[in-house]
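Coordinate analysis (summary)
In case you want the letters, here they are:
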Amino acid sequence: MNILKHEIKTEKLPLIIWSLSIGLLVAACVLMYPSMQSQMDDVNDIFSSMGSFTSAFGMDKLNFGTLKGFYAVEGGNMLGIGGAFFAAIIGVSSLMKEERNHTAEFLLTHPLSRVRIITEKLLSTFALVIILNLVVLLCSICSILMIGEIIFWTELLLFHLAYLLMQFEIVGICFGISAFVNRGGLGIGIGVAGLMYLLNIIANISEDAKVLKYISAFSYTEGADIINEKQINISYLLPGILFMLIGIILAYIRYTKKDIN
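Before going into details, it helps to say that this report is about the structure given with it. (Residues numbered from 1 in each chain as written. Predicted model: local features only at pLDDT ≥ 70, side-chain atom pairs only at ≥ 80, totals over all residues. Heavy atoms only, no water.)

Each helix and strand counted, the protein chain has 11 helices and 0 strands in total. When the helices and strands of the protein chain are listed from N to C terminus, the series reads α-α-α-α-α-α-α-α-α-α-α. Evaluated residue by residue, the protein chain yields a buried proportion of 51% over its 261 residues. Partitioning the intrachain contacts of the protein chain with sequence separation of at least 6 by distance along the chain shows that 76% fall at a separation of at least 24. When the accessible surface of the protein chain is summed, it comes to about 12,300 Å², and 67% of that surface belongs to carbon and sulfur atoms. (Helix = DSSP H or I, 4+ residues; strand = E, 2+ residues; numbered from the N terminus. Buried < 20%, exposed > 50% of the residue type's maximum accessible area, 1.4 Å probe, protein only. Contact = heavy atoms within 4.5 Å. Areas by Shrake-Rupley, 256 points an atom, 1.4 Å probe, with all protein chains shown as cover.)

What follows is the structure in structure tokens.
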């Protein structure tokens, strides 16, 4: 598993920066909660009168005055956007960078099959995503303990699991894209993550656009569903798993037959 170890080592600095940035932002939101708690009734009233904006972020179904509701909105936004962009960047860079950096000719001269190269690179991207989410979860737990609140374990773990699965989906899709491009992939990957986020907002605002929930990876990370129902919406998760698998399969098919520049 030398490629896997090398990939994780290569991405060590970006991983540290992204993990700590997202983790500390989430922790900062939690640490702000005690000072804002007394004003939360007014905040709830304000959000309840904001119409489509409230629906767009699921705040119409959450009690912003509780730590669970506050965390689902504020922590969810930090982890959602940051985690999606990180997953997109490492996913779309994984195979593409060998051609972009002209290292493919070195890698492919080793007695390694392309299937093994793809597999180890894919595992490395999943490993990086898992590490990032563990760091963020640890920051969240520590910050909740620091403000003296009781940890809502079931909802918290389900919440972070949903975002982990969302990032896996984006990794899988962008990994597939990575096999087809040799430059310009970063913009495509970030665009995919941004589009997924936008589609979920549109689906939350308009009843006529609910079908977009089956396309967006953010649909099963809705804090309101996880906090209130204590479960991940399987009807949105299954299409996400399918999109991830399609991306991975396309990567194997394309890269094993690709004429590497």
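Another point: the packing of helix 8 (residues 153–178) against helix 9 (residues 185–205). Interhelical geometry of helix 8 versus helix 9 gives an angle of 145° and a closest axis separation of 10 Å. Remark: the crossing between helix 8 and helix 9 carries right-handed chirality. Taking contact as the criterion, the partners of E169, I170, I173, C174 and I177 in helix 8 are, on helix 9, I188, G189, V192, A193 and M196. Taken together, the residues of the contact of helix 8 with helix 9 break down into 8 nonpolar, 1 polar and 1 charged. (Axes fitted to C-alpha atoms, helices over the stretch in contact; angles between N-to-C directions. Left-handed = near helix turned anticlockwise from the far one by under 90°. Nonpolar A, V, L, I, M, F, W, Y, C, P; charged D, E, K, R; others polar.)

Applying the stated criterion across every chain yields a total of 7 salt bridges. Measuring nitrogen to oxygen at the nearest pair gives 2.7 Å for the salt bridge that ties R116 to E120. Here R116 and its partner E120 are both found in helix 7 (residues 114–146), 4 residues apart, which amounts to about one turn of the helix. According to the relative accessible area criterion, R116 is partly exposed, its value standing at 38%. When its relative accessible area of 2% is taken as the criterion, E120 is described as buried. Residues participating in the shared-partner salt-bridge network are E7, E11, K97 and K121. (Salt bridge = Lys/Arg side-chain N within 4 Å of Asp/Glu carboxyl O.)

Turning our eyes to something else, we now look at the environment of L123. One can find L123 in helix 7. By relative accessible area, which is 36% here, L123 ends up partly exposed. For the pair L123 and I3, spaced 120 residues apart in sequence, the C-alpha separation works out to 9.8 Å.

Take the nonpolar core next. In terms of nonpolar packing, the biggest core is built from 67 residues, with V129, L156, M166 and I170 touching the most fellow members. For this core, the secondary structure elements donating two or more residues are helix 2 (12–36), helix 5 (67–100), helix 7, helix 8, helix 9, helix 10 (223–229) and helix 11 (234–257). Each residue touching I170, except ones within four places of it in the same chain, is listed here: A84, A87, A88, A193 and A217. (Core = buried A, V, L, I, M, F, W, Y, C linked by side-chain atoms within 4.5 Å.)

Two numbers describe how helix 8 lies on helix 11: the axes approach to 7 Å, and their chain directions differ by 30°. Of the possible angle classes, the one that applies to helix 8 and helix 11 is roughly parallel. Helix 8 and helix 11 meet at a crossing whose hand is left-handed. Contacts between helix 8 and helix 11 involve L165, F168, E169, G172, I173, F175 and G176 from the first element and L237, G240, F243, M244, G247, I248 and A251 from the second. (Parallel < 35°, antiparallel > 145°, perpendicular 65-115°, else oblique.)

Spatial relationships are all this shows, so hold off on functional conclusions.
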